[in-house]
Each structure stands twice: as C-alpha cells, then as structure tokens.
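Structure at a glance
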Amino acid sequence: MNYVDAGFVLALAAAARSFAPDVWFLVRRLLGAGVRLGALALAEQQHVSPTSPMSLMSSTFPASPDTASLDEGGHR
C-alpha cells in the first residue's frame, strides 16, 4: 500500500467518523416516521365489530330515562 492509498483510507475513515452521528440521527428520524405512519395506517383500518364489547354495551344499556332522542322530540 502506498502513501496515496493510505491517505485515501484515512480520509474516508475521518469522513465516516465525522458524519456518523448525522447519519444515525437521520436513520432514527426515518424509522420513527415509519413507525408513526404504520401506527396511523393500522389505526385507520380498525373498526368496531358487531361482537365487540362496546357495541354489546350500547345495545344492552338504554339511554338514561331523562333524555329523549331527537327522533322523539327531545331537545339538546
């Protein structure tokens, strides 16, 4: 290995050491954005199924007797 090659390798090593924190920062930001987008996509796909506990609760427990729905002439 001659001096030109050794100098090139040392320059590459110095550049890699210098820019490594910035690269890791960008990789972490991109991964974080990907996780947020994936979670958002999953949240949009979820829906309440007819057998979910919340839908069963709303069908078995009527509204309170002192409030009337708008169809029954109630006011808000």
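This report concerns the structure included in the present document. (Residues numbered from 1 in each chain as written. Predicted model: local features only at pLDDT ≥ 70, side-chain atom pairs only at ≥ 80, totals over all residues. Heavy atoms only, no water.)

**Focus on the overall build of the protein**
Per the secondary structure count, the protein includes two helices and zero strands. Carbon together with sulfur atoms contributes 68% to the accessible area of the protein, which is approximately 7,400 Å² in total. (Helix = DSSP H or I, 4+ residues; strand = E, 2+ residues; numbered from the N terminus. Areas by Shrake-Rupley, 256 points an atom, 1.4 Å probe, with all protein chains shown as cover.)

**Side note on a nonpolar patch on the surface**
Taken together, Phe19, Val23, Trp24, Val27 and Leu31 make up a surface patch of nonpolar side chains, about 540 Å² in accessible area. Examined against the element boundaries, Phe19 turns out to sit in helix α1 (residues 3-45). (Patch = residues over 30% accessible without salt bridge, like charges linked within 9 Å, V, L, I, M, F, W, Y side chains within 5 Å. Salt bridge = Lys/Arg side-chain N within 4 Å of Asp/Glu carboxyl O.)

**So, α1**
End to end, α1 covers 60 Å across 43 residues, agreeing with the expected 63 Å (1.5 Å per residue, within 8%). The largest bend in α1 comes to about 45 degrees, at Phe19, with the proline Pro21 one to four residues further on. (Expected span 1.5 Å × (residues − 1). Bend = angle between axes of the 7 residues up to and from the residue.)

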